[in-house]
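What follows is each chain in one-letter form.
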Amino acid sequence: MSFAVPSFDDSVVVRSADAETIGAAPTTIRLLADSSATGGALSTQRVTLLDGANGAAPHHHSRSAEMFYLLDGTAQLLSGEQLVTAERGDLVIVPPGTDHAFAAAPGENADILIVITPGIERFEYFRHLERIAYGKVPPESLLDVQELYDTYFTRSETWTLARG
């Protein structure tokens, strides 16, 4: 197994007021640090979901692990076929190649710090999602960029049953 050493010279500091925000309630994404800012070490964002809102549909990353840390609230997370209800202070790490999804638990809010490592340039992916939300591009356009963002969409009966 090889290990790539991240290469960046300065500390990365992102002030809350300076973070780019994508979306609006019930789903808000704050873009914190992309892979290019961390020398490939990681990319990270903060996702706030209100009143049971969905986060990401089932998908996997072939080259990266994804960490979910619950800053506040209650979330449902799919990891493989396991459905996890995570609460404030809980941590879930999904290995590369494992299908996963996340949402606020029904009737609950969730504030989640998400870290993907090694980092993948993902800010443009979230901007793409925003363009879909505003009807500027069709939802199926995500299928054209799956490889670019190492995000491959899947189906999960476990997730479908849990989320209705």
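Before any of the text, the structure's been laid out above.
Residues numbered from 1 in each chain as written. Predicted model: local features only at pLDDT ≥ 70, side-chain atom pairs only at ≥ 80, totals over all residues. Heavy atoms only, no water.

1. Examining the layout of surface pockets
Alright, step 1. Space inside the largest pocket adds up to approximately 590 Å³.
Alright, step 2. In this structure, the largest pocket is lined by 27 residues; those nearest its centre are T27, I29, G55, A56 and L129.
Alright, step 3. When residues of the lining of the largest pocket are traced back to their parent elements, those giving at least two are strand 1 (20-24), strand 2 (27-33), strand 3 (43-49), strand 4 (54-60) and helix 1 (123-133).
Alright, step 4. Looking at which element gives the most residues to the lining of the largest pocket, the answer is helix 1, with six residues.
Alright, step 5. Of the residues in the lining of the largest pocket, the class split is 17 nonpolar, seven polar and three charged. (1 Å grid on protein atoms, 1.4 Å probe; cavity = no way out; pocket = protein on both sides within 12 Å on 5 of 7 lines; lining within 4 Å. Points joined across faces, edges and corners; volume = space filled by probe spheres on them. Helix = DSSP H or I, 4+ residues; strand = E, 2+ residues; numbered from the N terminus. Nonpolar A, V, L, I, M, F, W, Y, C, P; charged D, E, K, R; others polar.)

2. Describing the side chain of Q146
Alright, step 1. Among the secondary structure elements, Q146 is positioned in the loop between helix 1 and strand 10 (152-153).
Alright, step 2. Looking at Q146, the relative accessible area reads 16%, which means it is buried.
Alright, step 3. A polar contact of 2.8 Å, which involves the side chain of Q146, links it to the backbone nitrogen of F153. (Buried < 20%, exposed > 50% of the residue type's maximum accessible area, 1.4 Å probe, protein only. Polar contact = N/O pair within 3.5 Å; in protein donor to acceptor, adjacent residues only side chain to side chain.)

3. Quick word on the pattern of salt bridges
Alright, step 1. All told, the structure shown has five salt bridges when counted by the stated rule.
Alright, step 2. With a shortest N-O distance of 3.8 Å, R63 and D150 are connected by a salt bridge. With R63 in the loop between strand 4 and strand 5 (65-79) and D150 in the loop between helix 1 and strand 10, this residue pair connects regions lying 87 residues apart in the sequence.
Alright, step 3. Assessed through its relative accessible area of 47%, R63 is described here as partly exposed.
Alright, step 4. A salt bridge links E124 to R131; its shortest N-O distance comes to 3.1 Å.
Alright, step 5. R131 gets classed as partly exposed once you look at its relative accessible area, which sits at 29%. (Salt bridge = Lys/Arg side-chain N within 4 Å of Asp/Glu carboxyl O.)

4. Examining the pairing of strand 1
Remark: a regular strand shows side chains that alternate across the two faces of the sheet.
Alright, step 1. One ladder, built from five bridges, connects strand 1 with strand 2; its direction is antiparallel. From the neighbouring strand, G23 faces strand 2, where its bridge partner is T28.
Alright, step 2. Count of turn residues in the strand 1/strand 2 antiparallel hairpin: two residues. (Pairing = 2+ DSSP bridges.)

5. Here we look at the packing of aromatic side chains
Alright, step 1. Going through the model one piece at a time under the given rule, you end up with three aromatic pairs.
Alright, step 2. Their ring planes at 55 degrees and their centres at 5.3 Å tell us that F68 and F102 sit as a pair that is tilted. Here the residue F68 occupies a position in strand 5, and F102 occupies one in strand 8 (residues 100-104), the gap between them amounting to 34 residues.
Alright, step 3. A relative accessible area of 0% means that F68 is categorised as buried.
Alright, step 4. We classify F102 as buried; its relative accessible area is 7%.
Alright, step 5. Following the ring pairs from residue to residue traces out a cluster consisting of Y125, F126 and Y149. (Phe/Tyr/Trp six-rings, centres within 6.5 Å; stacked < 30°, edge-to-face > 60°.)

6. A few points about the nonpolar core
Alright, step 1. With 26 residues, the main nonpolar core has L49, F68, L70, L77, F102 and I112 as its most contacted residues.
Alright, step 2. Put simply, the parts of the chain that give this core at least two residues each are strand 2, strand 3, strand 5, strand 6 (82-87), strand 7 (91-94), strand 8, strand 9 (110-117) and helix 1.
Alright, step 3. The residues contacting I112, other than those within four sequence positions of it, are Q45, R46, V47, L49, F68, Y69, L70, L71, A75 and F102. (Core = buried A, V, L, I, M, F, W, Y, C linked by side-chain atoms within 4.5 Å. Contact = heavy atoms within 4.5 Å.)

7. Quick look at the side chain of H100
Alright, step 1. Among the secondary structure elements, H100 is positioned in strand 8.
Alright, step 2. For H100, the side chain forms a polar contact with the side chain of E66, separated by 2.6 Å.
Alright, step 3. At 2.9 Å, the side chain of H100 and the backbone oxygen of T98 are in polar contact.
Alright, step 4. If sequence neighbours within four positions are ignored, H100 has contacts with A57, P58, H59, H60, H61, E66, F68, L78, S79 and V94.

Take it as geometry only, folks, not as evidence of what the structure does.
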